[in-house]
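The chain contents come next:
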Amino acid sequence: MTSSSASQSAAQPGPRRRTVMAAAGAGAVALSVGSPGTSPAAAVTSADAEAAAVSRPPRPGTGWQRYVQGPASRTVRPVRVLGSTGDVRNPQALLKPGGAATTLRRPQPSPAPRWPEGTTAEASSTHAGNNGNDGQPRTYDAANAIDGNPDTFWNDDTLAAFPDVLTITMPDARQLSGITVISNSDGVPTAFTVDAWVNGAWKTVATVTDNDVIQRAVPFAASVSTSRMRITVTAVQDTSRGAFTRINEVWPEPVEPVVAPSVTVDFGKVVVGYPRIRFTSASDNSPGVRVAFSETQQFLTDRSDFTRSDQSGGAGRGTDQFAVPAKGADWTDHKGFQAGDKVYADGLHGFRYLRITLDALDSDAPAAQPWGTVAIDSVSLDFTAYVGTPGTYRGWFLCSDDDLNRYWYGAAYTNELVTDTFRQDDVDPRNAWSASLEGKLVLHDGAKRDRDPYVGDLAVSARTLYLTHDDTAAAARNVLADLADHQRADGWIPPASISSYTLPLFDYPLWWVTCSWDYVLYTGDRAYAAQYYPNLLKVLDTWYPSVTDEAGLLSKGLNDTGGYGDYAFLGRTGRITYYNALYVQALKDAAQLARLLGHSADATRWAQRADTVTEAINTHLWDAAAGAYLDSATGPARHAQDGNALAVTAGIADADRSASALAHLDGTTQLPYGNAFMDNDTLFDGASERVYAFTSYPEIEARFITGRADSALDQIRRTYGWMDSHDPGITNWEGIGPDGSLYEDAYTSMAHGWSTGVLPALTHQLLGARPTSPGYATWEVRPNPSDVAWAQGQLPTPHGALRVSWQNTGNTFRLDVDVPDGTRATVALPGNGHTMTVRSRNRLMWDGRHASDGRASIVDGRVTIPGLAPGTYTFTARHTG
């Protein structure tokens, strides 16, 4: 799930790697160079080695295990020390538990200079008081800047408008050699001048530019005798809390800060769980440590890139705190306070980088002090998510393109990070906790945030789960069942538990329908289908008819839905192609569930309604001039990835319209980091530069199923190649913004389950294997090889492993298939069936025009062989011209 604000930050480039598969004995050897966050097995140093052999695949079932990213155990340790600041001794010792300690030292600071009694302050403007970040009433008066309390501050009231002026008046003249300006990490003043009142006029005594520190000493070129000082701010850092001027304290002397000692470790990739730090000893003054977390180096600062306490309006400290006792401690970072209402820790985090700083908040005194000595033996993480190891994978994938292999297992690892137990302390704090989910395995949306199960995200992440670790399919069922159990009286199904199951989204009840069908399709769980069939009836036959217009199209705004959102909280109303294309898919999926349960009348009614909506979409939402479906029937003309892609995959667009719509997306949305989800910026600024892997997945599928495998792989390589080669590497981002940036800055989730569509796309479309009826009772293999020389894989089914491998060499295509007991298979060989012969175990099955045994035929241009009973089959297709 995502929010809608645009990002302007630049992505940090990371090393790119080149890996080849070299045939060696029983398996392939992975050779890597410059892999971000991993230890390469061996370096390729010659062109001959790189050319070695993608031509011959390894023995099926070998070679893929080396791509698995999950940790070996629940105790995860950092892979390197990224750097340190201040007085830090032996930082590398953090990587070697049980040896020498890493020591951080900081001297006790001198008391802060104070203004004379009777000093006053006034400002050009003052923000109105409110409950602040911590939910406690506070003011932002100018007097806060001279009250000696760094926890209070002056905040102006002119957002992004300058100058902002703070004037300090002393009762008598005083000799000053400079001042110190203390601000905070919500955005420091970056440019300001300091004036002194001298001989009845203002005199500039200092000018500061490019400031980026919280404590800025400002010495004057010469001491001045003055009774008034004026600070004029002309620029500030723009943060998520707004471009305001914030000054916590001004001291009447220039005081250089003592650099806080810190050490930063890198876990090599995004991890999730409870950080653990083993302190061996400390000075006897309760020195504090502050721990900041980030998924990227770009947003690694003195504050975490995200904390639930900030989001909830709670403590708002920005870091996790601990006061170290003199005897040391083995501290696991769980949510809560260490001493009354002081020294707070947020608990679980999703991150790659962890920074430990010897420091303490002023509000935590005297429980924690910002000075002293701390000795640390080791840093680790208690990993809470699903631990995916080669032994746990029940489905796997491998092909001749090493990039694609990395993307598949990067998506699998991303999904493992969000497969976790629903726990009250760790979920989204915005009223997302639910007793009905507590303690159950679920699929969250993101590892870092929101950590709440959203049904739209399941449309992708659940498929990824079924194809890798189907023994945890309950994680999807638990979410689907819980949302159905909270269905509203009018039939609407909530998208998630957030906001106590009331978050108003227009599209997500449709995703509940499609995800319910997916769950039954992959698992064969007929009992689930029967139990929640009444919910299906209610959402499709009560709620969505209440928002359907005279043309038979869904129209957001009807039935008081104008304020409803969607997957990206987009400001779209009226007839939207995406909503209606998804509606068609949901009706078709519901019809299949109805047929499974013997409700033929419902199936017929929903199928007929799907046809009616399809005709209305093609009548009212097709833009002949652009050759694509409109995003919306009202407002400026724009064409969206979501609606056009789903129109193809849901069977709304015929072959001509499919080709035209995909060509339009080719011509208007291609970017180095994927395909944008809009072709222009009429919806919001930057829309044509934003990439969602969530909506890219159906476009990639649309390209495969319409015979455009080359363009599907190109889109995969641009989208997932960008994420794989940029910090944090490996995992799949929630969204990509202009120039490949994190589209919502630090708030962006860099490990998001809804972005893992590359995995089902490669398994179902490139390898070509997919279920066609519940529980894989029937399934098909329809490979789309493009430029890939070979592929192999395994799909877990309720009947056992379904194995497929193929090789595409010159004019010959060989396909090997293992059909599990209790299932029937259909194979559809790639290429023009009229110009190929097909043999099975040297027996001719197709001669280019006829089937030797009556089974093979031409379907959609391919030689297709249905009804394969359990067993092992080999098919060899040769093109004859």
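Refer to the structure printed above.
Sequence order as written defines residue numbering, which begins from 1 separately in each chain. Owing to the predicted nature of the model, reporting of local features is limited to residues with pLDDT of at least 70; listing and counting of side-chain atom pairs is limited to 80 or more, with chain, interface and lining totals taken over all residues. In computing side-chain values, all of the structure's heavy atoms are included and hydrogens and water are not.

Another aspect to go through is the overall build of the protein chain. Each helix corresponds to a stretch of at least 4 residues labelled H or I by DSSP, and each strand to a stretch of at least 2 residues labelled E; elements are numbered beginning at the N terminus. Helices and strands together make up the secondary structure of the protein chain, namely 16 helices and 41 strands. To get the radius of gyration, use the C-alpha atoms; to get the globule rule, take the number of residues to the power 0.38 and multiply by 2.2 Å. In terms of overall dimensions, the protein chain is globule-like: its C-alpha atoms have a radius of gyration of 30 Å, near the 29 Å expected for 881 residues. Across its three principal axes, the protein chain shows a C-alpha extent of roughly 105 × 65 × 50 Å. Looking at the protein chain as a whole, 59% of its 881 residues qualify as buried. The long-range fraction of contacts in the protein chain, counting pairs at least 24 apart against all pairs at least 6 apart in sequence, stands at 71%. Using a 1.4 Å probe, the Shrake-Rupley method yields the accessible areas, and only the shown protein chains count as cover for residues. Carbon and sulfur atoms make up 49% of the accessible area of the protein chain, which totals about 30900 Å². Of note, the protein chain has its 73 positive side-chain charges centred 7 Å away from the centre of its 95 negative side-chain charges. Throughout this description, buried means an accessible area under 20% of the type-specific maximum (1.4 Å probe, protein chains only), exposed means over 50%, and partly exposed covers the range between. Here, two residues are considered to be in contact whenever any of their heavy atoms come within 4.5 Å of each other. We treat Lys and Arg as the positive residues and Asp and Glu as the negative residues; His and chain ends play no part in the count. Taken as the charge location is NZ of Lys, CZ of Arg, CG of Asp or CD of Glu.

A pair of strands counts as paired when DSSP detects no fewer than two bridges linking them. Within the open sheet, the five strands sit side by side as 31-32-36-40-39. Their pairing is mixed. Of all strands in the sheet, those bounded by a partner on one side alone are strand 31 (769-771) and strand 39 (857-859). Neighbouring strand axes in the sheet, compared pairwise and without regard to direction, differ in orientation by 30 degrees on average. Taken together, the three bridges between strand 39 and strand 40 (residues 862-868) define a ladder with antiparallel strand orientation. Residue pairing in the sheet places serine 857 in a bridge with threonine 864 of strand 40. Inter-axis angles, ranging from 0 to 180 degrees, are taken between N-to-C directions of lines fitted to C-alpha atoms, where helices are fitted over the stretch in contact. Seen against the sheet, helix 16 (residues 758-767) touches strand 31 and strand 32 (778-781) and runs at an angle of roughly 105 degrees to strand 31.

Our next topic: the nonpolar core. Formed by 172 residues in total, the largest nonpolar core has its most connected members in Trp512, Leu540, Tyr567, Ile716, Leu815 and Phe875. Take this core: its biggest share by element is 12 residues, from helix 10 (residues 577-596). The residues contacting leucine 815, other than those within four sequence positions of it, are Val781, Pro783, Val804, Ser805, Trp806, Val827, Leu829, Tyr873, Thr874 and Phe875. By nonpolar core we mean a set of buried residues, namely Ala, Val, Leu, Ile, Met, Phe, Trp, Tyr and Cys, connected to one another through side-chain atoms within 4.5 Å. Among the nonpolar cores identified, the runner-up in size contains 40 residues, and Phe279, Phe322, Leu354 and Val374 belong to it.

Right, let's talk about the packing of helix 12 (residues 641-649) against helix 14 (residues 693-705) for a bit. Contact pair helix 12 / helix 14: the axes reach a minimum separation of 8 Å and the direction vectors enclose 40 degrees. As judged from the angle between their axes, helix 12 and helix 14 are oblique. The crossing of helix 12 and helix 14 is left-handed. For the pair helix 12 and helix 14, the contacting residues are Gln641, Asp642, Ala645, Leu646, Val648 and Thr649 in the first and Thr695, Ser696, Pro698, Glu699, Glu701, Ala702 and Ile705 in the second. Amino acids outside the nonpolar list (Ala, Val, Leu, Ile, Met, Phe, Trp, Tyr, Cys, Pro) and the charged list (Asp, Glu, Lys, Arg) are all regarded as polar, and Gly is one of them. Among the residues forming the contact of helix 12 with helix 14, the class breakdown is six nonpolar, four polar and three charged. Any angle that falls under 35 degrees is termed roughly parallel, while one over 145 is termed roughly antiparallel, one within 65 to 115 roughly perpendicular, and all others oblique. We call a crossing left-handed when the near helix sits turned anticlockwise from the far one by less than a right angle, and right-handed when that turn is clockwise.

Below, the discussion takes up helix 14. The terminal C-alpha atoms of helix 14, which comprises 13 residues, lie 18 Å apart, in line with the 18 Å expected from a rise of 1.5 Å per residue. Burial within helix 14 is extensive, with 12 of its 13 residues counted as buried. The set of residues buried in helix 14 consists of Ala693, Phe694, Thr695, Ser696, Tyr697, Pro698, Glu699, Ile700, Glu701, Ala702, Arg703 and Phe704. Just past helix 14, the residue glycine 707 takes up positive phi, approximately 80 degrees. Each residue after the first adds 1.5 Å to the expected span of a helix.

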